[in-house]
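# Geometric and topological summary
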Amino acid sequence: MNKRTLVSYLPAIFIAVILCNAKAAHSQQITCDSQLLYIATMQPFSGNSLFAFNPAAPLSAANPYPIHIPVPGSLAVSPNLNNPLAPSPTFYTASGAGLLYGEISYWDGSAWVGTGHTAGPGPGFGLGAGGGFIYSISNDGDVYRYNGTGNAVFVVSVLNWLDGSVTGTLDISADCAGNFYVLKPYPAQDAWLRKYSPAGTLLQQWDITGLPLPAGFGGNNSFAIVGDSLYFDVPGLLTYSGYIGAGTVAVTPIVSPLFPTWTGDFASCSGIGGVDAHKSHLLFRCDPAAGMLLTSSGNAPFQHTVLSGSVTISGTGPAFTANGGGDAVIVITSAGDPACTPVITDTFRIVAPPAVDAGPDQMVTGCIPYPGNLQGIVSNMSSAAAPNYSWAPAGLIVSGGNTLSPTFSIPGDTTFRLTVTLPNPGQNDCVLTDSVRIRTQQKTFELALNTSGLDLCPGQSGELRVVPAVAGTDYQWYRNDAPIPAATGAGLMVDLPGDYWLYARNSEQCIDSSDVVTATLHNNPEAAISWRRGPICTGDTVSLTATGGQEYTYHWEPEHVFALSGANQSGVTGLFDQKTTRVVLTTLNAYGCMGKDSLILLTEPCCTIFIPNAFSPNHDSRNDYFRPELKPGQTLTQFRIFDRWGNQVYNNTNLPKGWDGSYTDGEPAATGTYMYYIQYTCSDNKIYTQKEALSLIR
């Protein structure tokens, strides 16, 4: 896999960083007699571009500036190893349109020329050059060396190149002695830069700091060694740079809209030799009365010049002292390696330390522990500074302890101390401090539920809910100490027995948990109807009894049937005047659980009427009246009585008492035999008649 396809969602990007002459860049020729940075980019949706940048000069509309050279792939700068008649030094590449994939090619001033040699087996190589060699590195961390006479030869496999799915940077750099460098920036807490000899022997390793970046880019990054500085990029984001110290490289981002963002591959003229070195040093005057130590990077002869400020210089080199106060800029030139860096120029910028403010005192209102953020301020900080931030007490910092805006969690009133440490080469580090007071005020947050216990019946559910529910509060319900999936609302419908409780966090991050509510599942009560079975005449009354517990509540339906006794007791009496009646018994126990029973009562018309065959109207209050005994559902329509000669002696359908044994004129009727005739209707709506003899006895 080549560099452009390592991460499919990142557009292909290539950068060349070259220390060269601006005039030569415009003419599409490369010379390396001054410090310039060439940046070849492939901008998304707009094609590739080449820029030149002078790191020693400020960023401006003219720095960096574009150059019109097509960029087919990753780049390196080297003396021409293949054609003594072609421009030298020149660009080299290992991939590009129209070229054999992985073939090493060089720029002849107007076009790319293939060498017929490859940078290694397979595609996907980053290039770097130095000491008369062109080095290449593969996705697997294999390093190859090319000298212009054949395919590149294997040198070494870099240890610890792969970390999970993330590799080291698919790029390589070299110095004028032929030593090569590889970089692994991820994970950020374990980033390193390594230096190897031309034979592949590990010579040194530096730790990389200042890369708060997420893992995942891996080989899509690129880097270059420019003198004693490292340049490192994240495609589409930022380029970082930093001084290569004794064992650490502290990098900071180059933040400017003038600097290209879609960068990816670096190379430098540092490997060619004969290039003057320019080094910048930022020093902080933390003690106004103390002299500032200035140490030259090269050898005698030394020459110093005060460009600005009111300081005097003492010393003969390589160490000098700047005496006097205030800001100043001093330049010291010295001799370097004649083959690599003939002249070394050290520029020392002495500035006052920044102002440090731990931020305003705060009042935090909430629940224990109290969360919040600190807001430290550092004023008049040079963009070239690499400060380290720390807060104490560190145990109360939750995150961001190495930033100006950490998050804290405190049990009560707390004083935090901000310490800003500024690396100060050649001097004691500049340590600046300030404090901030955080006061606290507790808020109460009590969680209450609508009930202390829940009684459940089979097939039914009960509700638990917060009283009152507060907007912006996060809830989680538990059953038997296990969280209930998706139960995150202010209410919960419960249909299983168990111990339930609720955890809540309000908008101020206060937390509380409710008391435990036990849900108990009860059985439904027994419900059974008992009655004396037998035929029922339409209109009869029937007694029904419910069998069950003594503490049950009863209800009979239809209610109007049981109007005689009432419908809410265990024993009832009902009047059944319909042919078919469905009787329903509902029982409730003390927990509201319900039992039911029902039966169908069928009635039949009972249309036989009872009439006595004798009566004695002697006013002894016994059998003094003669009348038919009607049943429910029977209605008398005619009631007449005749003597033995056919004379009608009584005609009345109103039966409050019946016939009292008197004629219509009130005269008592004689003892003897009489005839009666009745006509009536029954519950079946038919007309019935009956006539018989009766005896009147006195």
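Residues numbered from 1 in each chain as written. Predicted model: local features only at pLDDT ≥ 70, side-chain atom pairs only at ≥ 80, totals over all residues. Heavy atoms only, no water.

## Remarks on the overall build of the protein
Each helix and strand in the protein was counted, giving one helix and 56 strands. Across the 698 residues that make up the protein, the buried fraction comes to 46%. Contacts in the protein between residues at least 24 apart in sequence constitute 53% of all its contacts with a sequence separation of at least 6. Carbon and sulfur atoms make up 51% of the accessible area of the protein, which totals about 33200 Å². (Helix = DSSP H or I, 4+ residues; strand = E, 2+ residues; numbered from the N terminus. Buried < 20%, exposed > 50% of the residue type's maximum accessible area, 1.4 Å probe, protein only. Contact = heavy atoms within 4.5 Å. Areas by Shrake-Rupley, 256 points an atom, 1.4 Å probe, with all protein chains shown as cover.)

## Some thoughts on the state of the cysteines
Disulfide: a covalent bond formed between the sulfur atoms of two cysteine residues. Counting across every chain of the model gives six disulfides. Two residues, cysteine 176 and cysteine 340, share a disulfide whose sulfurs are 1.2 Å apart. Torsion about the S-S bond of the cysteine 176 and cysteine 340 cystine: about 100°, corresponding to right-handed handedness. In this pair, cysteine 176 is assigned in the loop between β14 (173–174) and β15 (180–184) and cysteine 340 in the loop between β27 (328–335) and β28 (343–351), connecting sequence segments 164 residues apart. The pair formed by cysteine 176 and cysteine 340 is uniform in burial state, with each residue classed as buried. (Disulfide = S-S within 2.5 Å.)

## Some details on the side chain of arginine 194
One can find arginine 194 in strand β16 (residues 192–196). Comment: no salt bridge for buried arginine 194; closest opposite-charge side chain is aspartate 190, at 7.6 Å. Among the polar contacts listed, one links the side chain of arginine 194 to the side chain of asparagine 160, at a separation of 3.5 Å. Setting aside anything within four residues of it in sequence, one finds arginine 194 in contact with Val158, Leu159, Asn160, Phe180, Tyr181, Val182, Leu202, Gln204, Gln205 and Trp206. (Lys, Arg positive; Asp, Glu negative; His and termini not counted. Salt bridge = Lys/Arg side-chain N within 4 Å of Asp/Glu carboxyl O. Polar contact = N/O pair within 3.5 Å; in protein donor to acceptor, adjacent residues only side chain to side chain.)

## As for the sheet that holds strand β8 (residues 126–130)
The strand order β8-β9-β10-β11 describes an open sheet built from four strands, whose pairing is antiparallel. Only two strands of the sheet have a single neighbouring strand rather than two, namely β8 and β11 (153–157). If you compare each strand with its neighbour and ignore which way they point, the axes differ by 25° on average. Two elements, strand β10 (residues 142–146) and β11, share four bridges in a ladder whose sense is antiparallel. The partner of valine 143 across the bridge, within β11, is valine 156. (Pairing = 2+ DSSP bridges. Axes fitted to C-alpha atoms, helices over the stretch in contact; angles between N-to-C directions.)

## Thoughts on the sheet that holds strand β4 (residues 75–78)
Through backbone hydrogen bonds, the strands of a sheet pair up, either in parallel or in antiparallel fashion. Reading across from one edge, β4-β5-β6-β7 is the order of the four strands in this open sheet, with antiparallel pairing throughout. Lying at the two open borders of the sheet, with one neighbouring strand each, are β4 and β7 (112–118). Here the average twist between neighbouring strands, direction ignored, is 30°.

## Regarding the packing of aromatic side chains
This structure, assessed with the given rule, holds 20 aromatic pairs. Ring plane angle 75° and centroid distance 6.1 Å describe the contact between phenylalanine 302 and phenylalanine 320, whose orientation is recorded as edge-to-face. Remark: phenylalanine 320 occurs in strand β26 (residues 319–323) and phenylalanine 302 occurs in strand β24 (residues 299–308); sequence separation between them is 18 residues. In this structure phenylalanine 320 comes out as buried when scored by relative accessible area, which is 3%. An aromatic cluster is present here, built from Phe615, Phe626, Phe639, Tyr650, Trp659, Tyr674 and Tyr676 joined pairwise through their rings. For arginine 145, the ring lying beneath its charged end belongs to phenylalanine 133, and the centroid distance is 5.3 Å. Looking at arginine 194, its charged tip hangs above the ring of tryptophan 192, at a distance of 3.7 Å from the centre. (Phe/Tyr/Trp six-rings, centres within 6.5 Å; stacked < 30°, edge-to-face > 60°. Lys NZ or Arg CZ within 6 Å of the ring centre and 35° of its normal.)

## What about the nonpolar core?
Formed by 24 residues in total, the largest nonpolar core has its most connected members in Leu374, Trp391, Phe408, Phe416, Val420 and Ile438. For this core, the secondary-structure elements that each account for two or more residues are β22 (277–284), β33 (388–392), β35 (407–410), β36 (414–422) and β37 (430–442). The contacts of tryptophan 391, once residues within four sequence positions are left out, are Ala358, Leu374, Gly376, Ile397, Gly401, Thr403, Leu404, Pro406, Phe416, Arg417, Leu418 and Val436. Ranked by size, the runner-up nonpolar core spans 19 residues in total, among them Leu456, Tyr475, Ala504 and Val517. (Core = buried A, V, L, I, M, F, W, Y, C linked by side-chain atoms within 4.5 Å.)

## Some details on the pattern of salt bridges
Charged atoms that come close allow side chains of opposite charge to pair. One pass over the structure, following the stated rule, counts two salt bridges. The shortest N-O distance in the salt bridge between aspartate 413 and arginine 437 comes to 3.8 Å. Pair noted here: aspartate 413 is in the loop between β35 and β36 and arginine 437 is in strand β37, with a separation of 24 residues, a long-range link. On the accessibility criterion, aspartate 413 (42% relative accessible area) is partly exposed. Arginine 437 sits in the partly exposed class, given a relative accessible area of 34%.

## Considerations on the pairing of strand β47 (residues 540–547)
Pairing of strand β46 (residues 528–531) with β47, which is carried by four bridges, proceeds in the antiparallel orientation. Directly across from isoleucine 529, in β47, lies its bridge partner alanine 546. Sheet topology places β47 next to strand β49 (residues 571–576); six bridges connect them, and they run antiparallel. Each residue of the ladder has a partner; that of threonine 545, found in β49, is glycine 571.

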